[in-house]
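# Results of the structural survey
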Amino acid sequence: MHIAMVGAGYVGLVSGSCLADFGHEVSCIDADAAKIEALKAGKMPIFEPGLAELVANNVRARRLSFSTDLVGAVRDAQAVFIAVGTPSRRGDGHADLSFVYQAARAIAAGLDGFTVVVTKSTVPVGTGDEVERIIRETRPDADFAVVSNPEFLREGAAIDDFKRPDRIVIGVDDKRAKAVMTEIYRPLYLNKAPFVFTSRRTSELTKYAANAFLATKITFINEIADLCEQVGADVQDVARGIGLDKRIGSKFLHAGPGYGGSCFPKDTQALIKTAQDHGAPVRIVEVVAAVNDQRKRAMARKVLTACGGSVRGKTIAVLGLTFKPNTDDMRESPAISIITALQDCGARINAYDPEGMDQARQVIDDLTFFYDPYSCCEKAHALVIITEWDAFRALDFDRIKSLLVTPILVDLRNIYDPDELDRKEFDYSCVGRGKVPPLGP
Ligand code: UGA
């Protein structure tokens, strides 16, 4: 099947190359000519494990191509995916849909024969109706159907998530469009991946509900972690103890410095706004968003406490800057708030991240970058691990101790064993693994 993917960003590029790998002929379109030229030359605009290889294989097999010619690609396609950005609108937190509507207008111009227009971008309930209205208004003669098919890809594991999804949600009210969507995902159908066929509006809301629920789960365990610290309990055991209950599930119960990224913060805000507009506020999600915001900066206090109450004039070594491992994405990364708060308190920051330093340079000032964890620690007064890259999971602490001025480690992802670090005579703090308080009088 011929497919046009409008938007060669994160979602478009991963989805487009995976669909090409399923055997479809996919044309990835982007208005950014420099990006398209770079892609043609095999250069990826983002870091995603396995993506460069997947793109190269499918380009070689002539199933995947890149172009700025939207109208031409749409004319040849039976399905056109909209995978453009829906950032937070400045000022009010609503999703900014201008790129989606712009794409709809441009797509309308190219429609030729029955075409399914699929919204993959995360869009508020009712956006599909508006896309349909725009296309119909621009091209009253066009034969098309608008479908919602949200993505559930995690950065860093996106290809696997696309090819082995927990489910595929398709919001479709048109029989012919349903047949086209079934054909597109046939390989997953054969693998018995669960399909949820539903109405377009339900599908749009499902995406927000999924992200908001996951954000809630993380925030819940983060608050339990704070309580664990006060009462001398261990949040990791609590998480295991509740996660083994199949009704709760063990995933997304890792306590840490708060969620970041391009999705949870933006999507929770957008859901909050939609719900308020419809007079059905999602108060739990409102609290989750507020708690998470405060948490990021509050993590700096942990570092201050570990450093004896002040970091003025001290150097803090930070390992991990991206919002999670296996990405170069710095958007809403907890590292931004934590580092800025430490700088406000007078600290100098040494930093190392395996992939995120170029992006970090653009969003945080006055960092001194290093190219390995050990040189980053040299003459620093404390080491803080913010992101749990695999490369930080087996550090040589004898060496680190000899490099640091004081053996202080703040592990915001709980990747180390407190007893082991105690034995190495580190002053170790982490998240939600409290020491039993002394008995009262
Ligand atoms: C998230 C969802 O997981 C995807 O299903 C969804 O498709 C995507 O948003 C999207 O809407 O496009 P992503 O933002 O890539 O994916 O990252 P996650 O792996 O979900 O992590 C988000 C944040 O939560 C990270 O900062 C991570 O460190 C944090 N997190 C995650 C925790 O603090 N604890 C956990 O247990 C899990």
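Think of each chain on its own: its residues are numbered from 1, step by step along the sequence as written. Thresholds applied to this predicted model are a pLDDT of at least 70 for local features of residues and 80 or more for the giving and counting of side-chain atom pairs; totals over whole chains, interfaces and linings are not thresholded and use all residues. Only hydrogens and water are removed before side-chain values are computed, so all heavy atoms of the structure are retained for them.

## Examining the domain arrangement of the chain
Threshold: Those domain boundaries reflect an automatic or database domain assignment. Buried area: the accessible area, evaluated with a 1.4 Å probe, that two parts lose upon being put together, summed over both parts. When a carboxyl oxygen of Asp or Glu lies within 4 Å of a side-chain nitrogen of Lys or Arg, that pair is called a salt bridge. In protein, a polar contact requires one atom able to donate a hydrogen and another able to accept it; more generally it is a pair of N or O atoms within 3.5 Å, and residues adjacent in sequence count only if both atoms are side-chain atoms.
Split by domain assignment, the chain resolves into domain 1 (2-198) and domain 2 (213-429). Centre-to-centre, using C-alpha coordinates, domain 1 lies 33 Å away from domain 2. Buried surface at the junction of domain 1 and domain 2, both sides included, amounts to about 1,300 Å², of which 51% is carbon and sulfur. Of all residues in domain 1, Phe 47, His 94 and Glu 155 give up the largest surface area on contact with domain 2, accounting jointly for 47% of the area buried on that side. The tally of links between domain 1 and domain 2 comes to zero salt bridges. At the boundary of domain 1 with domain 2, the tally comes to six residue pairs in polar contact (both at pLDDT 80 or more).

## Regarding helix H10 (residues 200-231)
Formally: Secondary structure elements are defined from DSSP: runs of H or I of at least 4 residues count as helices, runs of E of at least 2 residues count as strands, and each element is numbered from the N terminus. The length a helix should cover is 1.5 Å for every residue beyond the first.
Along its 32 residues, H10 runs 47 Å from first to last C-alpha, staying within 8% of the 46 Å computed at 1.5 Å per residue. Of the residues one or two after H10, Gly 232 is the one with positive phi, at around 75°.

## Some words on a negative patch on the surface
Selection criterion: Here, patches come from residues exposed beyond 30% relative accessible area and free of salt bridges, joined within 9 Å for like charges and within 5 Å for nonpolar side chains (Val, Leu, Ile, Met, Phe, Trp, Tyr). The Shrake-Rupley method, run with a 1.4 Å probe sphere, supplies the accessible areas, and residue values consider only the shown protein chains as cover. The charge count includes Lys and Arg as positive and Asp and Glu as negative, but it does not include His or the ends of the chains. By convention, charge coordinates are those of NZ in Lys, CZ in Arg, CG in Asp, or CD in Glu. The cut-offs for exposure are 20% and 50% of the maximum accessible area for each residue type, with area from a 1.4 Å probe on protein chains only; residues under the lower value are buried, those over the upper are exposed, and the others partly exposed.
Residues Asp 417, Asp 419, Glu 420, Asp 422 and Asp 427 make up a contiguous surface patch of negative charge. Among the elements that make up the negative patch, the one with the highest residue count is helix H18 (residues 418-423) (three residues). In this structure, Glu 420 sits in helix H18. By relative accessible area, Glu 420 is classed as partly exposed at 35%.

## With respect to the pattern of salt bridges
Should their charged atoms come close, side chains of opposite charge can pair. By the definition in use, this model includes 26 salt bridges. For Asp 160, the salt bridge is made with Arg 164, and the minimal N-O distance between the two is 2.6 Å. Assessed through its relative accessible area of 58%, Arg 164 is described here as exposed. Between Arg 393 and Asp 390 there is a salt bridge whose closest N-O contact spans 3.1 Å.

## Brief notes about the nonpolar core
Quick note on the threshold: Here the nonpolar core consists of buried residues drawn from Ala, Val, Leu, Ile, Met, Phe, Trp, Tyr and Cys, with membership extended through side-chain atoms lying within 4.5 Å. It only takes one pair of heavy atoms within 4.5 Å for two residues to be counted as in contact.
Ile 316, Leu 321, Leu 342, Leu 383, Leu 395, Phe 397 and Ile 400 are the most contacted members of the largest nonpolar core, which totals 61 residues. Setting aside anything within four residues of it in sequence, one finds Leu 342 in contact with Ala 300, Val 303, Val 311, Ile 316, Ala 347 and Ile 349. Core analysis: the next-biggest nonpolar cluster, separate from the first, contains 42 residues, Phe 22, Leu 54, Val 55 and Ala 158 among them.

## Some remarks on the packing of helix H1 (residues 10-21) against helix H3 (residues 51-60)
Rules: Axis lines are fitted through C-alpha atoms, for helices just across the contact stretch, and the angle between N-to-C directions can take any value from 0 to 180 degrees. Any angle between 65 and 115 degrees counts as roughly perpendicular, while under 35 counts as roughly parallel, over 145 as roughly antiparallel, and the rest as oblique. Note on convention: the crossing is left-handed when the near helix lies turned anticlockwise from the far helix by less than a right angle, right-handed when the turn is clockwise. The classification used treats Ala, Val, Leu, Ile, Met, Phe, Trp, Tyr, Cys and Pro as nonpolar, Asp, Glu, Lys and Arg as charged, and all other residues, Gly among them, as polar.
Across the interface, H1 lies against H3 with an axial gap of 9 Å and an inter-helix angle of 45°. Overall, the two elements H1 and H3 adopt an arrangement that is oblique. Note that H1 runs across H3; the crossing there is left-handed. Contacts between H1 and H3 involve Leu 13, Val 14, Ser 17, Cys 18, Ala 20 and Asp 21 from the first element and Leu 51, Leu 54, Val 55 and Asn 58 from the second. Of the residues contributing to the contact of H1 with H3, the split by class is seven nonpolar, two polar and one charged.

## Comments concerning the site of the ligand
Where we set the bar: One heavy atom within 4 Å of a molecule or strand is enough for the residue carrying it to be called near that molecule or strand.
Glu 151, Glu 155, Lys 207, Asn 211 and Cys 263 are the nearest of the 19 residues found near the ligand. Within the contact set of the ligand, an oxygen atom lies 3.3 Å away from a backbone nitrogen or oxygen of Leu 253. Within the side chain of Arg 413, one N or O atom sits 2.9 Å away from an oxygen atom of the ligand. The fraction of the free accessible surface of the ligand (710 Å²) that becomes covered by protein chains is 93%. Of all the secondary structure elements, the ones that give two or more residues to the shell around the ligand are H10 and helix H12 (264-277).

## Here we look at the packing of helix H5 (residues 98-110) against helix H6 (residues 127-138)
Orientation of H5 relative to H6, taken along the N-to-C sense of each, is 35°, at an axis distance of 9 Å. H6 is crossed by H5, and the crossing has right-handed handedness. Judged by residue contacts, Val 100, Tyr 101, Ala 104, Arg 105 and Ala 108 of H5 engage Thr 127, Glu 130, Val 131, Ile 134, Ile 135 and Thr 138 from H6. Here the residues of the contact of H5 with H6 are counted per class, giving seven nonpolar, two polar and two charged.

## A look at the sheet that holds strand S9 (residues 315-319)
Let me state the cut-off plainly: Paired strands, in this sense, are two strands between which DSSP finds at least two bridges.
Here we have six strands laid out as an open sheet, ordered S11-S10-S9-S12-S13-S14, and parallel in their pairing. Either end of the sheet is taken by a strand with one partner, and the two such strands are strand S11 (367-369) and strand S14 (427-429). Each strand axis lies, on average, 20° off the axis of its neighbour in the sheet, ignoring direction. Of the strands in this sheet, S9, strand S10 (348-352) and S11 are in contact with helix H14 (residues 334-344), which crosses S10 at around 155°.

## Section: the environment of Ala 4
Mapped onto the fold, Ala 4 is located in strand S1 (residues 2-6). Taking C-alpha positions, Ala 4 is 53 Å from Ile 408, a pair spaced 404 residues apart along the chain. Once residues within four sequence positions are removed from consideration, Ala 4 is found in contact with Ser 27, Ala 73, Val 74, Ala 77, Ala 79, Val 80 and Phe 81.

## A look at the packing of aromatic side chains
The following threshold applies: To pair, rings of Phe, Tyr and Trp, with the six-membered ring standing in for Trp, must have centres within 6.5 Å; the planes then decide the type, stacked if under 30 degrees apart, edge-to-face if over 60, and tilted in the middle. Counted as over-ring charges are cases with an Arg CZ or a Lys NZ within 6 Å of the ring centre that also lie within 35 degrees of the ring normal.
Within this structure, the stated rule accounts for 10 aromatic pairs. The interplanar angle of 90° and the centroid separation of 4.8 Å between the aromatic rings of Phe 397 and Tyr 416 together place this pair among those described as edge-to-face. Of the two residues, Phe 397 sits in helix H17 (residues 397-403) while Tyr 416 sits in the loop between strand S13 (408-411) and H18, which places them 19 residues apart along the sequence. Neither Phe 397 nor Tyr 416 differs from the other in exposure class; each is buried. Measuring from centroid to centroid gives 5.3 Å for Phe 397 and Phe 426, while their planes differ by 80°, and the two rings are edge-to-face. Residue Phe 397 is located in helix H17, and its partner Phe 426 is located in the loop between H18 and S14; the two are separated by 29 residues in the primary sequence. Given the relative accessible area of 4%, Phe 397 is considered buried. According to the relative accessible area criterion, Phe 426 is buried, its value standing at 5%. An aromatic cluster of three or more residues is present, and its members are Phe 22, Phe 162, Tyr 185, Tyr 189, Phe 195 and Phe 197. Over the ring of Phe 197 we find Lys 178; its NZ or CZ atom is 4.6 Å from the centre of that ring. Cation over ring: Arg 399 sits above Tyr 374, and NZ or CZ is 4.0 Å from the ring centre.

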